[in-house]
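Working through the structure, step by step
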4 protein chains.
Amino acid sequence: MNPTQCRILIDCRDEKGLVFKVSNIFFNYDLNILSNHEFVDRENNRFFMRSEVVGIIDQARLCADLVSVLPAHATIHVIAPRKKNIVLMATKETHALGDLLIRYEDGELDANILAVVSNYDLLEPLVRKFDIPFVTVSHEGLGRSEHEQQVLGALGALGEIDYVVLAKYMRILTPDFVSCYENRIINIHHSFLPAFIGANPYKQAFERGVKIIGATAHFVNNNLDEGPIIAQEIIPIDHAYSWKDMQRSGRDVEKIVLSRALKLALEDRIFVYANKTVIF
Amino acid sequence: MNPTQCRILIDCRDEKGLVFKVSNIFFNYDLNILSNHEFVDRENNRFFMRSEVVGIIDQARLCADLVSVLPAHATIHVIAPRKKNIVLMATKETHALGDLLIRYEDGELDANILAVVSNYDLLEPLVRKFDIPFVTVSHEGLGRSEHEQQVLGALGALGEIDYVVLAKYMRILTPDFVSCYENRIINIHHSFLPAFIGANPYKQAFERGVKIIGATAHFVNNNLDEGPIIAQEIIPIDHAYSWKDMQRSGRDVEKIVLSRALKLALEDRIFVYANKTVIF
Amino acid sequence: MNPTQCRILIDCRDEKGLVFKVSNIFFNYDLNILSNHEFVDRENNRFFMRSEVVGIIDQARLCADLVSVLPAHATIHVIAPRKKNIVLMATKETHALGDLLIRYEDGELDANILAVVSNYDLLEPLVRKFDIPFVTVSHEGLGRSEHEQQVLGALGALGEIDYVVLAKYMRILTPDFVSCYENRIINIHHSFLPAFIGANPYKQAFERGVKIIGATAHFVNNNLDEGPIIAQEIIPIDHAYSWKDMQRSGRDVEKIVLSRALKLALEDRIFVYANKTVIF
Amino acid sequence: MNPTQCRILIDCRDEKGLVFKVSNIFFNYDLNILSNHEFVDRENNRFFMRSEVVGIIDQARLCADLVSVLPAHATIHVIAPRKKNIVLMATKETHALGDLLIRYEDGELDANILAVVSNYDLLEPLVRKFDIPFVTVSHEGLGRSEHEQQVLGALGALGEIDYVVLAKYMRILTPDFVSCYENRIINIHHSFLPAFIGANPYKQAFERGVKIIGATAHFVNNNLDEGPIIAQEIIPIDHAYSWKDMQRSGRDVEKIVLSRALKLALEDRIFVYANKTVIF
């Protein structure tokens, strides 16, 4: 066997000696620790650890050894770095999708884009430029659930998917859909200080005269815009910004935040618990 | 008469030729324009102009001349720069108040602080250091309206007040109180992306795992935290921030934003209309 | 004649009555002012004005009328909005170029990209996806001046060019080249706090342990990285960033700043004087 | 013995098993780990670890045990949290000094301010308000070295000092002075993108038309403004900022960055090596 590199993620009840017990195993395996992060959420008495190690690793045995020393119900992931499979979903807007495509072309996105799935065919010409399959699943004449079944079918046909990235996919997803990819659907949405709920938030923000607009990338849970937050960013604006200007600025910040969140996910840096994230 | 400097603020219905008509008057008065800003809100067909001019100025005549060329119902202010009178109100926290006191001591705050008014006497020792009158108006045993009447009395006794600055004054103000100082009460409050409404917002933000906290300075209207926004700012945080850490960061951003908003007000740079601001 | 929209840019010696004289002309022409900005640099006694107007406009006559009331040597531009012609130049990196291509595809970039010119053919496949001509002018075996002559030839063959955008073009340009497109070549370069001069600035910044990296977009003058600054932005980093991480973050901030600067140029918002810019 | 809390800082050559060996000792001592950070600088093959632990701790024995398992020449600090002793030095400006005084008054600054030392008596009235000793060591008529000897004498008379904070102390310090408080003198200085060296940097930055100004807090080494960077921050500006406006904005960012850097130092979060910092 040759030395390989692994990411080990541990999420369990906190107790004394966890770092010692885990690092003891690493030491016995003669592993080199490339990076190591721990965090204890005292509020919830919960321990998180992410290590990047290199050495001769039998993943199954290593995992079993970790189970044997960790508290019951620990979540342990031993992940050999590999290009993850992602599917992008979009509706009509190009900014978030285009930014990911350019990063993909660039080799910066450490993932395979299996396909772009959309409820329209508008974005097909752009996607085809990059030799990426484009799948249209129109919602015309379909009920929400019926449409989602077809999207799930299309996703299923693409093989194993690690993350579904909603690059401005403008359909609300039902809990049934979300449960198929729990904590694996990444969404981006605009955010304002203070937040505006309901239709046309840019109009509301404009009318209130906000001086900042922002974006939040998060995992999707049952409530479309309310899952665990992965990344946030803002840019300053002023009274001279029309709605349209605000939207354009919003697009810039959305694309940056979405690609940052996806990068964190692809590098296995995100723990999700209690509707929040720990990010190493 | 000697040349003096004036700020002229105009807010009226938009129509053709306004800049020409106003600058024509400035030209006839032989005024030097030091700075000049206009903005038209097309949505509301409204024109805003702020000029700093220097020359021999008869304020009353200048104002009358402007009235004669501007559309009906124009709001015109001809303001000879002078130190404005402000009153600070606070409850128990020192960060926002202290920052203003230091800037005052420094000569950076171009205003007279007439007094600090509080519903506790906790901050008196700090304020006394700066030789500023401290007025306690306890709310103990008083109904809201009764207490406000006493505060209004205390404010009235201080003379003419240009701005009331709520430097973490933790009492809700009634519309009756607010109407006495319309668009002249400046408040600072925390803001989150997304916003959290109700009790203990830092706890809510912590539980949601936000990655950013911010602050909004605004004029107070009938709804305490919802008046026209003057300034906003944020700072990034991460999962390792406890509530307490988040509050400390919140205090830093609050004090910066409050003093920035106050500076804009003291320089007569803010127009308020339709629950928003135009800031030059 | 139909009403058209125009941008009028004026840059001249400051004197009393300029706003009046200019707005008088607008009024006589019965023009509607959509937006209006003035700025006086008191240090240099210089007046800048940019107006967007709509109405029946005879550009030549309007320009002549402005000349007649403005001080000698005033620079006056009356610009009917049109898609400007731009050429992108790049060497090997895709981030800045790709971002502009996606914005172009998106219709967000209000310009015609005549071609992408490079000293390598590496970026040709990417550019071809967008149906944009790609011109390779290899520098192999050529002296700097000889190579530049060929690039100038290639640019000349493309027709009238408004702006040359260096989207990570990694060749130093001589004064001869720059003088052909004075204040029309936009470059982007990394910036650090404090700045590091010389080879491998990321290495220097890494060794110094900077906590921030940034980017500066500017017009090119005789000194490659020292022309008038158009836009700047930064992002925070920490000790865990390797050089490579710093470079990746640097690319993100570079592309945002370059597209922001280009947008300002395409909207005729930039005045250049005394090695600095006024931006409305 | 009662349980106490300790910070343990380790800085040594990297090798396999360090986390294991250290956490093994913590486990044997039955310590609870409150927080734990490690970082390996691969470039320099160097390991950094900071742990906050709670338990029955014999500091000397714990330190000896750590020495026995760590590589030769390891730097180990076992620190029982205590209020550190700091001295502030200032010249004439109040913004950075005042901000620290307010935080001190507020109880936010977890330190004892032993005194404020200045080469002028201008700031004495401000400092006296806070019942903090003020020491004037005038430089009038003294050579640099003579003056520094007197300052060192004044500092020595104040007792044990953990950190000397230069809150806009405008005298250059000689290597002799600095060597007395190696990596314990914290300075704040303005920074620009790109940086301007030499006299009157705000004038230089103004003339170049920078769009951002910033500040850098750092430890002082032989070269006044070039020691290891602790914290940096910026704020955006535009062409309408005069030098004076730029300086005022500069002061705001300076005071925020300085207090942030001091907080990191007081919490023993900073490692210094090779002219850079690791900050946990």
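Nothing here was measured: the structure is a model prediction, and the numbers come from that model.

1. Some details on the overall build of chain A
What chain A contains, in helices and strands, is eight helices and 13 strands. Computed over C-alpha atoms, the radius of gyration of chain A comes to 21 Å, within 12% of the 19 Å expected from 2.2 N^0.38 for 280 residues, which places it in the range of a compact globule. A principal-axis box enclosing the C-alpha atoms of chain A has dimensions of 60 × 40 × 35 Å. Looking at chain A as a whole, 58% of its 280 residues are labelled buried.

2. Observations regarding the interface of chain D and chain B
The partner chain B presents 19 residues to the 19 residues of chain D that form the contact. For the chain D face of the interface with chain B, the top three residues by lost area are Ile-102, Lys-129 and Arg-248 of chain D, together amounting to 30%. Summed over the shared surface of chain D and chain B, the result is six salt bridges. Between the two partners, chain D and chain B, sit seven residue pairs in polar contact (both at pLDDT 80 or more). Of all elements in the fold, only helix H3 (95-105) and helix H8 (243-266) of chain D reach the threshold of two or more residues within the side of chain D that touches chain B. A class-by-class count of the residues in the side of chain D that touches chain B yields four nonpolar, three polar and twelve charged.

3. Quick word on the relation of the copies chain B and chain A
When chain B is fitted to chain A, the residual RMSD is 0.0 Å, and the transformation amounts to a turn of 180 degrees plus an axial shift of 0.0 Å. These values place the two chain copies in the arrangement generated by a two-fold rotation axis. Both copies present the same face, since 100% of the interface residues in chain B are matched by interface residues at the equivalent positions in chain A.

4. Things to note about the interface of chain B and chain A
A common way to state how big an interface is: give the accessible area lost once the parts meet. Taken together, the contact pairs 33 residues of chain B with 33 residues of chain A. Taken over both partners, the interface formed by chain B and chain A buries close to 2,900 Å², and the fraction arising from carbon and sulfur atoms is 59%. Taken together, the connections running from chain B to chain A amount to zero salt bridges. Viewed at the interface, chain A and chain B are joined by 14 residue pairs in polar contact (both at pLDDT 80 or more). Of all the secondary structure elements, the ones that give two or more residues to the side of chain B that touches chain A are strand E9 (185-192), helix H7 (201-208), strand E11 (229-236) and strand E13 (276-279) of chain B.

5. Some thoughts on the pattern of salt bridges
Throughout the structure, instances matching the rule amount to 84 salt bridges over all chains. Taking the shortest distance from any N to any O, the salt bridge between Arg-103 of chain B and Asp-99 of chain B comes out at 2.9 Å. Taken together, the residues span about one helical turn, with Arg-103 of chain B and Asp-99 of chain B both in helix H3 (residues 95-105) at a distance of four residues. Judged by its relative accessible area of 3%, Arg-103 of chain B is buried. Linking Asp-11 of chain D and Arg-46 of chain D is a salt bridge whose minimum nitrogen-to-oxygen distance equals 2.8 Å. Placement of Asp-11 of chain D in strand E1 (residues 4-13) and of Arg-46 of chain D in strand E3 (residues 46-55) is noted, with a sequence separation of 35 residues between them. A cluster of three or more residues bridged by salt bridges with shared partners is formed by Arg-50, Glu-52, Lys-263, Glu-267 and Arg-269 of chain A.

6. Considering the relation of the copies chain D and chain B
Between chain D and chain B, the superposition needs a rotation of 180 degrees and an axial shift of 0.0 Å, giving an RMSD of 0.0 Å. Same-surface contact between copies: 100% of interface residues of chain D are shared with the interface of chain B.

7. What to know about the packing of H3 of chain D against H8 of chain D
Residue and element names in this part refer to chain D. Direction vectors running N to C along H3 and H8 enclose 45 degrees, while the axes themselves pass 9 Å from each other. Between H3 and H8, the angle falls in the class oblique. At the point where H3 passes H8, the crossing takes the right-handed sense. For the pair H3 and H8, contact is made by His-95, Ala-96, Asp-99, Leu-100 and Arg-103 and by Arg-251, Glu-254, Lys-255, Ile-256, Leu-258, Ser-259 and Leu-262, respectively. Split into classes, the residues belonging to the contact of H3 with H8 amount to five nonpolar, two polar and five charged.

8. As for the side chain of Arg-208 of chain C
Secondary-structure assignment places Arg-208 of chain C in helix H7 (residues 201-208). Engagement of the side chain of Arg-208 of chain C in a polar contact is seen with the backbone oxygen of Gly-227 of chain D, the distance being 2.6 Å.

9. Notes on the domain arrangement of chain A
The domain boundaries assigned to chain A delineate domain 1 (4-79), domain 2 (83-181) and domain 3 (185-280). A C-alpha centroid distance of 34 Å is found between domain 1 of chain A and domain 2 of chain A.

10. Focus: the packing of H3 of chain B against H3 of chain D
Relative to each other, H3 of chain B and H3 of chain D sit at 145 degrees, their axes nearing to 10 Å. As for the relative orientation of H3 of chain B and H3 of chain D, their crossing is right-handed in sense. Within the contact between the two elements, H3 of chain B uses Gly-98, Asp-99 and Ile-102 of chain B and H3 of chain D uses Gly-98, Asp-99 and Ile-102 of chain D. Considering only residue class, the contact of H3 of chain B with H3 of chain D consists of two nonpolar, two polar and two charged.

11. Points about H3 of chain D
All names here are of chain D. Judged by how many residues are buried, H3 sits mostly within the fold: nine of eleven residues are covered. Within the span of H3, buried status applies to His-95, Ala-96, Leu-97, Gly-98, Asp-99, Leu-100, Leu-101, Ile-102 and Arg-103. Directly after H3, the chain includes Gly-107, whose backbone phi takes a positive value near 80 degrees.

12. A look at empty space enclosed by the protein
Evaluated as defined, the whole model comprises 13 cavities of 30 Å³ or more. In this structure, the largest cavity occupies an estimated 120 Å³ of space. Along its surface, the largest cavity is lined by 15 residues, and Asp-14, Val-19, Val-40 and Phe-47 of chain A together with Ile-33 of chain D are the ones closest to its centre. For the lining of the largest cavity, the secondary-structure elements that each account for two or more residues are helix H1 (18-28) and strand E2 (32-41) of chain A together with strand E2 (32-41) of chain D. Counting residues per element, the lining of the largest cavity draws most heavily on E2 of chain D, which supplies four residues. Here the lining of the largest cavity is built from residues that sort into seven nonpolar, four polar and four charged.

13. Quick word on the environment of Phe-26 of chain C
Looking at the element boundaries, Phe-26 of chain C is found in helix H1 (residues 18-28). The contacts of Phe-26 of chain C, once residues within four sequence positions are left out, are Ile-8, Leu-31, Ile-33, Met-49, Ser-51 and Val-53 of chain C.

14. As for the side chain of Ser-51 of chain B
Residues and elements named next belong to chain B. One can find Ser-51 in strand E3 (residues 46-55). Side-chain polar atoms of Ser-51 contact the side chain of Asn-36, separated by 2.4 Å. Excluding residues that lie within four positions of it along the chain, Ser-51 makes contacts with Cys-6, Arg-7, Ile-8, Phe-26, Ser-35 and Asn-36.

15. Re the confidence of the model for chain A
Per-chain confidence: chain A averages 92 in pLDDT, with 97% of residues scoring 70 or above. On the interface metric, ipTM, the complex scores 0.84, and its pTM is 0.89.

16. Observations concerning the packing of aromatic side chains
Considering all chains together, one arrives at 32 aromatic pairs over all chains under this definition. For the pair Phe-27 of chain A and Phe-20 of chain D, a centre-to-centre distance of 4.8 Å together with 25 degrees between the ring planes defines the contact as stacked. Of this pair, Phe-27 of chain A sits in helix H1 while Phe-20 of chain D is found in helix H1 (residues 18-28), placing the two residues in two different chains. The exposure class assigned to Phe-27 of chain A is partly exposed, which follows from its relative accessible area of 32%. Their ring planes at 25 degrees and their centres at 6.5 Å tell us that Phe-39 of chain C and Phe-48 of chain C sit as a pair that is stacked. One exposure class covers both Phe-39 of chain C and Phe-48 of chain C, and it is buried. Of the aromatic side chains, those joined through ring pairs into one cluster are Phe-39, Phe-48, Phe-271, Tyr-273 and Phe-280 of chain A. One Lys or Arg, Lys-276 of chain A, reaches over the ring of Phe-206 of chain B and ends 3.6 Å from the middle of that ring.

17. Some details on the pairing of strand E10 (residues 212-219) of chain C
Side chains on a regular strand alternate between the two faces of the sheet. All names here are of chain C. For E10, the buried fraction is high: eight of the eight residues fall into the buried class. Judged by which residues are buried, E10 turns out to be covered on both faces: Ile-212, Gly-214, Thr-216 and His-218 on one side and Ile-213, Ala-215, Ala-217 and Phe-219 on the other are all buried. With seven bridges joining them, E10 and strand E11 (residues 229-236) adopt antiparallel strand pairing. The partner of His-218 across the bridge, within E11, is Ile-229.

Here is what the cut-offs are and how they apply
- Residues numbered from 1 in each chain as written.
- Chains lettered and ligands numbered in written order.
- Predicted model: local features only at pLDDT ≥ 70, side-chain atom pairs only at ≥ 80, totals over all residues.
- Heavy atoms only, no water.
- Helix = DSSP H or I, 4+ residues; strand = E, 2+ residues; numbered from the N terminus.
- Rg over C-alpha atoms; globule rule 2.2 N^0.38 Å.
- Buried < 20%, exposed > 50% of the residue type's maximum accessible area, 1.4 Å probe, protein only.
- Contact = heavy atoms within 4.5 Å.
- Buried area = accessible area lost by both parts, 1.4 Å probe.
- Salt bridge = Lys/Arg side-chain N within 4 Å of Asp/Glu carboxyl O.
- Polar contact = N/O pair within 3.5 Å; in protein donor to acceptor, adjacent residues only side chain to side chain.
- Nonpolar A, V, L, I, M, F, W, Y, C, P; charged D, E, K, R; others polar.
- Least-squares fit on C-alpha atoms with pLDDT ≥ 70 in both.
- Axes fitted to C-alpha atoms, helices over the stretch in contact; angles between N-to-C directions.
- Parallel < 35°, antiparallel > 145°, perpendicular 65-115°, else oblique.
- Left-handed = near helix turned anticlockwise from the far one by under 90°.
- Domains from an automatic or database assignment.
- 1 Å grid on protein atoms, 1.4 Å probe; cavity = no way out; pocket = protein on both sides within 12 Å on 5 of 7 lines; lining within 4 Å.
- Points joined across faces, edges and corners; volume = space filled by probe spheres on them.
- pLDDT = per-residue confidence, 0-100.
- Phe/Tyr/Trp six-rings, centres within 6.5 Å; stacked < 30°, edge-to-face > 60°.
- Lys NZ or Arg CZ within 6 Å of the ring centre and 35° of its normal.
- Pairing = 2+ DSSP bridges.

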